[in-house]
Amino acid sequence: MEPVPRIVAVLATAAVLTAGCRTTGPGGGAGPTISAPPAFSQSDTPLHPTPASAGDPYTPGDGNGGYHVEHYGLNLRITPGDNVRELDATAELTSVATGDLTSFDLDLTGLTVASVQVNGAPAAYTRQGQELTVTPATPLAKGVRFSTSVAYHGTPQAIHEPTLGTYGWIRTRDGIFTADQPSGAQTWFPCNDHPSDKASYDFTVTVPSGLQVVANGEPVTGLGGGVHSASPMARNSTITSHWRETEPMATYLATVDVGHFQIKTGRTPGGIPIIVAVDPTVAGVGLDDLYARTAEITDAWVKLFGPYPFDSTGAIYDNALVNFALETQTRPVFGDYPLDPTILAHELAHEWFGDSVSVTKWQDIWLNEGFATYFEWTWGERLGGKSVQQQYDERYGLVGDPRWQIEPGNPGKDKMFDGFAVYDRAAMTLQALRTRVGDSKFFAIVRAWAAERRGGNGTTPEFVATAERISGMQLGPLFQAWLYGTTRPTNW
Ligand SMILES: [Zn+2]
């Protein structure tokens, strides 16, 4: 995720994210540490799931214990602008029980549930808050694979949070835009809504004829294809298209976008299939320019990070009044603002760091944003802008800035997208690491992190262990000071 430049915040109606703030705070306060920081001491506190929660204190009700979802088959009929029934849907989940279950929970916020089936048999269900509790006719034994089918409908509501802004299911002038970090997925499909549980997806999406759908992965029905319910000219005719993401994906990275798009497809010079889509009403984004830059950056990141982790790359620019971009898997989404290649580079770096290698718990969000910001700076340097070291030095010069008190490795829920701590200081942590271990070891660590956890999850202590193994150095004090110190760290 990345806040967009200030000018966009002026245009957008959504609340301005605090992340994006690059200004210096009031003077005074903490100075640099002068004594040696303590050794790295953060234990890898595991999540303690309950039936109603993954156990993540940053998103208390999100996720559920007792099962793992392998696949979401989402059949979505979307009628943009319908205030009562904008979404009419069936979700088909394939899951595996991780314990003996007499009942289990899904996350679903708002909407009306019409029926629930487990393994084809009607199941009882209750709803309380975001919990949809399902009681199958027959209990499920540990290890068994089972299907859950939920029929539901209604008009999803965007989420408005003071610290996070507006996100989730967002109406545009001609359709729908979805960007769900951290808790928006449950507003449009029942799910195990936490990045610790990743799954593959099929999206079968029916919209009024004349509208298009762009989603994650690749179009099974072909681009511009799809199945018409009747002649496209007929009243109430619809078109159904099918997109598939085969690689494991966190719920918040799922996206379905509906509207009018110019679409360009092909392969990057390095051979990766690419699909970019631009709403033609978005000013300052040329389809050919977006295509070329997405291809160039994707190929450059392959050289730096290792193999591209998914089957296609791309980007979606839609006429959504949001002031952020989000790294939705294979196809980051951007709102109604001009193309900024460094933000594009940020979101595409997330395909490795955040999407392929996902956080296990939100506390470790710096593993996503620190990496993406670091390589956003790297791309800026390649374009002739400030060097990464200059970016570091500018911020390191903010002596006494109170934002040094926020721990990047434990920022708290309200600061989980803090622009200074979780983005900039986390990127500075990586620059401090690079300075300490040298270029070749640094990029070996980056590549190992991407390769060894491809398609999975990671934690901060696991990253520190990887860095120490590859470098052969004791790096605990460095990470302790940079990620968990509440004062400006020693300049490593
Ligand atoms: Zn980001």
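About the thresholds
- Residues numbered from 1 in each chain as written.
- Predicted model: local features only at pLDDT ≥ 70, side-chain atom pairs only at ≥ 80, totals over all residues.
- Helix = DSSP H or I, 4+ residues; strand = E, 2+ residues; numbered from the N terminus.
- Buried ≥ 20, exposed ≤ 12 C-beta atoms within 10 Å, placed from the backbone.
- Contact = placed C-beta atoms within 7 Å.
- Pairing = 2+ DSSP bridges.
- Axes fitted to C-alpha atoms, helices over the stretch in contact; angles between N-to-C directions.
- Expected span 1.5 Å × (residues − 1).
- Parallel < 35°, antiparallel > 145°, perpendicular 65-115°, else oblique.
- Left-handed = near helix turned anticlockwise from the far one by under 90°.
- Nonpolar A, V, L, I, M, F, W, Y, C, P; charged D, E, K, R; others polar.
- Bend = angle between axes of the 7 residues up to and from the residue.
- pLDDT = per-residue confidence, 0-100.

### Some thoughts on the overall build of the chain
Part 1: Across its full length, the chain carries nine helices and 25 strands.
Part 2: Projected onto its principal axes, the C-alpha coordinates of the chain cover approximately 70 × 50 × 40 Å.
Part 3: In the chain, buried positions account for 51% of the 492 residues.
Part 4: Within the chain, residue pairs in contact and separated by at least 24 positions form 71% of the contacts whose partners lie at least 6 positions apart.

### Digging into the sheet that holds strand S22 (residues 324–326)
To summarise the sheet geometry, strands pair through backbone hydrogen bonds and adopt either a parallel or an antiparallel arrangement.
Part 1: Taken in spatial order, the six strands of this open sheet run S1-S22-S23-S21-S20-S19, and their pairing is mixed. Each having just a single partner strand, strand S1 (2–3) and strand S19 (262–267) make up the two edges of the open sheet.
Part 2: Bridge count for S22 against strand S23 (residues 333–334) is two bridges, and the pairing is antiparallel. Each residue of the ladder has a partner; that of Leu326, found in S23, is Val333.
Part 3: Strands S19, strand S20 (273–278) and strand S21 (313–317) of the sheet are contacted by helix H2 (residues 287–305), whose axis makes an angle of about 145° with S20.

### Regarding helix H4 (residues 366–382)
Part 1: In a regular helix each residue adds 1.5 Å, so 17 residues correspond to 24 Å; H4 covers 23 Å between its end C-alpha atoms and thus fits that length.
Part 2: In terms of burial, H4 is largely enclosed, as 15 of its 17 residues are buried.
Part 3: Phi turns positive, to about 95°, at Gly384, one or two residues after H4.

### Overview of the sheet that holds strand S7 (residues 124–128)
Part 1: Judged by pairing direction, the sheet is antiparallel, and its three strands sit side by side in the order S4-S8-S7 without closing on themselves. For this open sheet the edge positions go to strand S4 (104–107) and S7, each flanked by a neighbour on one side alone. Adjacent strand axes in the sheet meet at a mean angle of 25° when their direction is disregarded.
Part 2: Sheet analysis places S4 next to strand S8 (residues 131–135), joined by four bridges and oriented antiparallel. Paired with Asp105 across the strands is Thr133, a residue of S8.

### Re the packing of helix H6 (residues 419–437) against helix H9 (residues 476–484)
Part 1: Interaxial distance between H6 and H9 falls to 10 Å at its minimum, and their mutual angle equals 160°. What the angle tells us is that H6 and H9 run roughly antiparallel. Considering how the two elements wind past one another, H6 and H9 form a crossing that is right-handed. Together, Thr429, Ala432, Leu433 and Arg436 of H6 and Leu478, Trp482 and Leu483 of H9 make up the contact between the two elements.
Part 2: Of the residues belonging to the contact of H6 with H9, the class tally is five nonpolar, one polar and one charged.

### Overview of the environment of Ala158
Part 1: Here Ala158 lies in the loop between strand S9 (145–154) and strand S10 (159–161).
Part 2: For the pair Ala158 and Trp188, spaced 30 residues apart in sequence, the C-alpha to C-alpha distance is 9.8 Å.
Part 3: Sequence-distant contacts of Ala158, defined by excluding residues within four places in its chain, comprise Thr166, Tyr167, Gly168, Trp169 and Ile170.

### Focus: H6
Part 1: In this model, H6 (19 residues) spans 26 Å end to end at C-alpha, consistent with the 27 Å of a helix rising 1.5 Å per residue.
Part 2: At Arg425, H6 is deflected by roughly 30°, the largest bend along its length.
Part 3: Burial runs high along H6: 17 of the 19 residues are buried.
Part 4: Phi turns positive, to about 90°, at Gly438, one or two residues after H6.

### Concerning the packing of H2 against helix H3 (residues 341–350)
Part 1: Their axes nearest at 10 Å, the elements H2 and H3 cross at an angle of 50°. Of the possible angle classes, the one that applies to H2 and H3 is oblique. At the point where H2 passes H3, the crossing takes the right-handed sense. Mapping the contact onto sequence places Arg293, Thr294, Ile297, Thr298 and Trp301 in H2 and Pro341, Leu344, Ala345, Leu348 and Ala349 in H3.

### Things to note about unusual backbone geometry
Part 1: Cis rather than trans, the peptide bond between Gln181 and Pro182 has omega equal to 0°.
Part 2: Here Pro182 lies in the loop between strand S12 (176–179) and strand S13 (199–208).
Part 3: Unlike most non-glycine residues, Leu111 shows phi in positive territory, near 70°.
Part 4: In this structure, Leu111 sits in the loop between S4 and strand S5 (112–118).
Part 5: Judged by C-beta crowding, with 23 C-beta atoms within 10 Å, Leu111 ranks as buried.

### Looking at the environment of Gly129
Part 1: Secondary-structure assignment places Gly129 in the loop between S7 and S8.
Part 2: When the 10 C-beta atoms within 10 Å are taken as the criterion, Gly129 is described as exposed.
Part 3: Separated by 68 residues in the primary sequence, Gly129 and Gly61 have C-alpha atoms spaced 9.0 Å apart.

### Considering the confidence of the model for the chain
Part 1: Looking at the chain as a whole, the pLDDT averages 91, with 91% of positions reaching at least 70.
Part 2: For residues 6–38, every residue scores under 50 in pLDDT, and the model assigns this stretch 67 contacts once sequence neighbours within four places are set aside.

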